[in-house]
Amino acid sequence: MEKFITLESTCVPLQVEDIDTDQIIPARFLKATNKEGFGDNLFCDWRYNENGDPRENFILNDPTYSGRILVAGKNFGCGSSREHAAWALTGYGFKAVVSSFFADIFKNNALNNGLLPVQVSEEFLQKIFKAVKANPAEKIFIDLKNQTIKILSTNESEQFDINNYKKICLMNGQDDIDYLLSIKNDIEAFEKERTSF
């Protein structure tokens, strides 16, 4: 995985609440067993009409907005526990999702796939939406080490929580297996010490 230390980017504002994993990546695309191509089908039923043409009124099809941060309404990633939702978001190019609440399973799937879920207060979320709607070139700065998110034009910021183990993994660009391999010598030394008794 790519290391995540800081991220400065414009945003895609998707001001919709209760976005479930079937909306993020519809069930008909879950047959694949590798991560390739999922970004093309992110929000497929919202993004394209029945003929496969882009819907002009959907935010991902609006050239006004772009960036590596998706800003979404409350309760993002609810519904079924498909890891493919995180694959679709990262496959599209997002490195972080900002919301005022995430479903727990989605949050864990995101962290396991190098996608940072940044949970902020509802008040701060609305400030981001307002800033980005007023200026689509508005940039957000996320500092994982210090666990802060900042609206650069106003300098307003807020702290966010993250599991410390997952934070270390993201900052080192490691998934669970990479992390275990990085401490292989320590594990082997511990096992050797235990079997000597």
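Here the structure is shown first, and the text comes after it.
Here the structure is a predicted model, which means the values were calculated and not measured. (Residues numbered from 1 in each chain as written. Predicted model: local features only at pLDDT ≥ 70, side-chain atom pairs only at ≥ 80, totals over all residues. Heavy atoms only, no water.)

Helices and strands together make up the secondary structure of the protein, namely eight helices and eight strands. Taking the principal axes of the C-alpha coordinates as reference, the protein spans close to 70 × 45 × 25 Å. For the protein, buried positions account for 42% of its 197 residues. Within the protein, counting contacts between residues at least 6 apart in sequence, those at least 24 apart form 65% of the total. Of the roughly 10600 Å² that the protein leaves accessible, carbon and sulfur atoms contribute 47%. Put simply, the protein has 22 plus and 29 minus side-chain charges, and the middle of one group is 3 Å from the middle of the other. (Helix = DSSP H or I, 4+ residues; strand = E, 2+ residues; numbered from the N terminus. Buried < 20%, exposed > 50% of the residue type's maximum accessible area, 1.4 Å probe, protein only. Contact = heavy atoms within 4.5 Å. Areas by Shrake-Rupley, 256 points an atom, 1.4 Å probe, with all protein chains shown as cover. Lys, Arg positive; Asp, Glu negative; His and termini not counted. Charge placed at Lys NZ, Arg CZ, Asp CG, Glu CD.)

Turning to empty space enclosed by the protein, a few remarks are in order. Scanning the entire structure with this criterion turns up one cavity of 30 Å³ or more. The computed volume of the largest cavity comes to approximately 30 Å³. Only α4 (104-112) and α6 (164-172) provide two or more residues apiece to the lining of the largest cavity. With three residues, α6 is the single largest residue contributor to the lining of the largest cavity. Per-class residue counts for the lining of the largest cavity are four nonpolar, two polar and three charged. (1 Å grid on protein atoms, 1.4 Å probe; cavity = no way out; pocket = protein on both sides within 12 Å on 5 of 7 lines; lining within 4 Å. Points joined across faces, edges and corners; volume = space filled by probe spheres on them. Nonpolar A, V, L, I, M, F, W, Y, C, P; charged D, E, K, R; others polar.)

Distances and angles like these do not, on their own, reveal function.
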